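# Analysis of the macromolecular model
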Amino acid sequence: MSATTAHSVVEPGTLSRRVAGGIVILYALVSMIPLFWIFITGFKTPPDSISYPPKVVFTPSLEGYCNLFTTRTRQTQDYIDALGPPRSECDRITRSRYMVIAGPSNYLPRFINSVVIAFGSTFCAVVLGVLAAYGFSRFRVPLKDDLLFFILSTRMMPPIAVAIPIYLMYRHLGLSDTALGMILLYTAVNVSLAVWLLKGFIDEIPREYEEAAMIDGYTRLQAFWKVVLPQAATGIAATAIFCLIFAWNEYAFAVLLTSGSAQTAPPFIPTIIGEGGMDWPAVGAGTTLFLVPILVFTVLLRRHLLRGITFGAVRK
Amino acid sequence: MATAFDRMAETAARATPPALAGRMRGLSDTAIAWLFISPTIILLLAINIFPLIWTIQLSFTNYRANRPNAVVKNVGLDNYTTILSNADVWAAMQATAHFVFWTILLQTVIGFTLAWLIDRRFRGHAFWTTVILIPMMLSPAVVGNFWRFLYQPQIGLFNYIVSFFTGVPPSSFEMTGTVALAPWSIIIVDTWMWTPYVMLICLAGLRSIPDYIYEAAEVDRASKWRQFWSITLPMALPFIMLAVLFRGIENFKMFDMVNLLTGGGPGSTTEVASITLKREAFEKWRTGFSSAFAIILFVTVFGLANIYVKALNRVKQR
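Residues numbered from 1 in each chain as written. Chains lettered and ligands numbered in written order. Predicted model: local features only at pLDDT ≥ 70, side-chain atom pairs only at ≥ 80, totals over all residues.

### A word on the overall build of chain B
Regarding its fold elements, chain B presents 14 helices and zero strands. Along chain B, from the amino end to the carboxyl end, the secondary structure elements read α-α-α-α-α-α-α-α-α-α-α-α-α-α. For chain B, the proportion of its 318 residues judged to be buried stands at 40%. Restricting the contact set of chain B to residue pairs at least 6 apart, pairs at least 24 apart contribute 71%. (Helix = DSSP H or I, 4+ residues; strand = E, 2+ residues; numbered from the N terminus. Buried ≥ 20, exposed ≤ 12 C-beta atoms within 10 Å, placed from the backbone. Contact = placed C-beta atoms within 7 Å.)

Rendered as structure tokens:
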């Protein structure tokens, strides 16, 4: 027989591989077009962004980024001439449009809200999740399967359906439009994912490690702290990133329950408008800055993605 | 009778508390288990179950959140009967079903094909797989918002590309603004975003098929076509089903993209269940009525979730 290795029979031929590669790469490139367009729109001037046919080659400008971070008012040429020399590149660009910078925009505070709420809720969800996951993984808990199903089912509810009573409850408690309220809410949503994922990771750590530690005189809690947690570090990190991405991307709760001081970036970005319509370069700039952290996290997470998106059901 | 010495000893004992670890040593495993699990359960009871019970209670009233001082009347099952006989609600359910059907069909077909091609293991397949996965990690709201720009007639890139390949003038059609095209504007973005999700799960399914089965099929001289239908597809099926159920539940809840791309319009052509609910609850402020609708949606999703968990366990047992 010609079979020299165990795989030769089922290995695809060179031609079929090349064709497959070609199709997949073509799909990947086409699916990147919208993201590429977001990125380059951020560096266009408003007239370039709405030209026909759409421009791929253009002179890059920082106008989108300037507009993203500032609010501007229209002024007469005389008023602008009377001002001193422009203090910054943004100042110069703004003046060339017969406007002056009136102050900072809300983008930066909204972005900071996103950071605070995403990290705060991730921290809480992972702490609660790791404790509960350990409890479910190592001990005989009555009604374990029912409790785990209950935890998962809370994530199945449509956010709008949950938002109605949460809105009323937060109004009573004074948690409306507060970072604390959003952190609590996102923690509750994320904790189900955290418990399910972390239970999978902790299940994979052999019980013998803790048992050996306990024979050496560690208490159960010390064994948990000094043996299990370090072993589960990768799983905890992956879970944390999943929670972070969810909280970062969340829109439905944010748009219904926050309007001002606790508003996050996703409900804010669609409201960026310029004179006479959407300021697409500013939207492109704001979207780019918002997406970059997620791109970094996706690359970091790539080995655990499958597990995360299936609640730990499928492991590689 | 306690002597003065006894009392002194007692005070001394209280002043030096035993080490934390020592006290914890006394905790039974059951105590630790409940200590670890209860914070999560309490949080979920407070943020999910208590509000749910409140919603059930509100669903039997005519309460309006924008008039907190108005007299609240108990209306019994009126809200439920109104919803189930309301044409708008059924239209929303239909729009949702239409949307779920097409997105899942497209995502499964494209996603499975991609996974099957990636499984050829061409050079650089790991890198390109990561590139393909990027859209699903992004915020549907923020990216969906940008698609509004791509869909602009005349200036939008999407219209330009369509007109480049078909010759239709780019300003002659408006994806988000016309009754016939608006549902497809959402289906396209959703498919773009979530096909990688289905692909990733299918890929895991294909990789779980051991080589020796194909080798045995080769020995039996089964054609490649036959191998695909008799080995590849049936063995990957539980994974495909898992992906379908996940997408089904997620798309049933669909809100972000629709709210930003079309807002339910034009008219109510793309008004899926979540959008109707938002309009009733947060624009018309019919809190009692929308609570009843929320309960109906929740029961539906809960039914789907039950099926999902059963399928999930079946996949796990493999």
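That shown, we press on.
### Quick look at the overall build of chain A
The number of helices and strands found in chain A is 16 helices and four strands. Since a compact globule built from 316 residues should have a radius of gyration of about 20 Å, the 26 Å found for chain A marks it as more spread out than a globular shape. A total of 316 residues make up chain A; the buried ones form 47% of that total. (Rg over C-alpha atoms; globule rule 2.2 N^0.38 Å.)

### Re the nonpolar core
The tendency in soluble globular proteins is for nonpolar side chains to be buried as a group. If you look at the biggest cluster of nonpolar residues, it comprises 166 residues, and the most contacted ones within it are Cys243(A), Ile201(B) and Cys202(B). With 16 residues, helix α9 (residues 179–203) of chain A is the single largest residue contributor to this core. Here this core spans two domains, and each of domain 1 (60–105) and domain 2 (108–271) of chain A adds at least three residues to it. Ignoring anything within four residues of it in the chain, the contact list for Cys202(B) reads Gly111(B), Phe112(B), Ala115(B), Ala236(B), Phe239(B), Ile240(B) and Ala243(B). (Core = buried A, V, L, I, M, F, W, Y, C linked by C-beta atoms within 7 Å. Domains from an automatic or database assignment.)

### Thoughts on the interface of chain B and chain A
Contacts between chain B and chain A engage 80 residues on the former and 83 residues on the latter. Ranked by the residues each element gives to the side of chain B that touches chain A, the list is headed by helix α3 (residues 29–58) of chain B, at 14 residues.

### Some words on the packing of helix α1 (residues 14–41) of chain A against helix α6 (residues 125–137) of chain B
Interhelical geometry of α1(A) versus α6(B) gives an angle of 35° and a closest axis separation of 9 Å. In terms of crossing hand, the pair formed by α1(A) and α6(B) is left-handed. For the pair α1(A) and α6(B), contact is made by Val24(A), Ile25(A), Tyr27(A), Ala28(A), Ser31(A) and Met32(A) and by Trp128(B), Val131(B), Ile132(B) and Pro135(B), respectively. For the contact of α1(A) with α6(B), a count of residues per class yields nine nonpolar, one polar and no charged. (Axes fitted to C-alpha atoms, helices over the stretch in contact; angles between N-to-C directions. Left-handed = near helix turned anticlockwise from the far one by under 90°. Nonpolar A, V, L, I, M, F, W, Y, C, P; charged D, E, K, R; others polar.)

### Quick word on the environment of Val141(A)
If you trace the backbone, Val141(A) turns up in the loop between α6 (107–138) and α7 (144–153). In this structure, the C-alpha to C-alpha distance between Val141(A) and Leu300(A), residues 159 residues apart in sequence, is 34 Å. Each residue touching Val141(A), except ones within four places of it in the same chain, is listed here: Gly135(A), Phe136(A), Leu147(A), Ala33(B) and Ile37(B).

### Thoughts on the confidence of the model for chain B
Per-residue confidence for chain B averages 85 on the pLDDT scale, and 89% of its residues sit at or above 70. Confidence estimates for the predicted assembly give a pTM of 0.86 and an ipTM of 0.86. (pLDDT = per-residue confidence, 0-100.)

### Quick look at the domain arrangement of chain A
As assigned here, chain A comprises domain 1 (60–105) and domain 2 (108–271). Computed over C-alpha atoms only, the centres of domain 1 of chain A and domain 2 of chain A are separated by 43 Å.

### A short note on the confidence of the model for chain A
All names here are of chain A. Scored by pLDDT, chain A comes out at a mean of 87, with 96% of its residues at no less than 70. Mean pLDDT across the secondary structure elements of chain A bottoms out at strand β3 (residues 273–274), with 76, and peaks at α6, with 94. Per-residue pLDDT stays below 50 along residues 1–7; that stretch engages in three contacts with residues further than four places along the chain or on separate chains.

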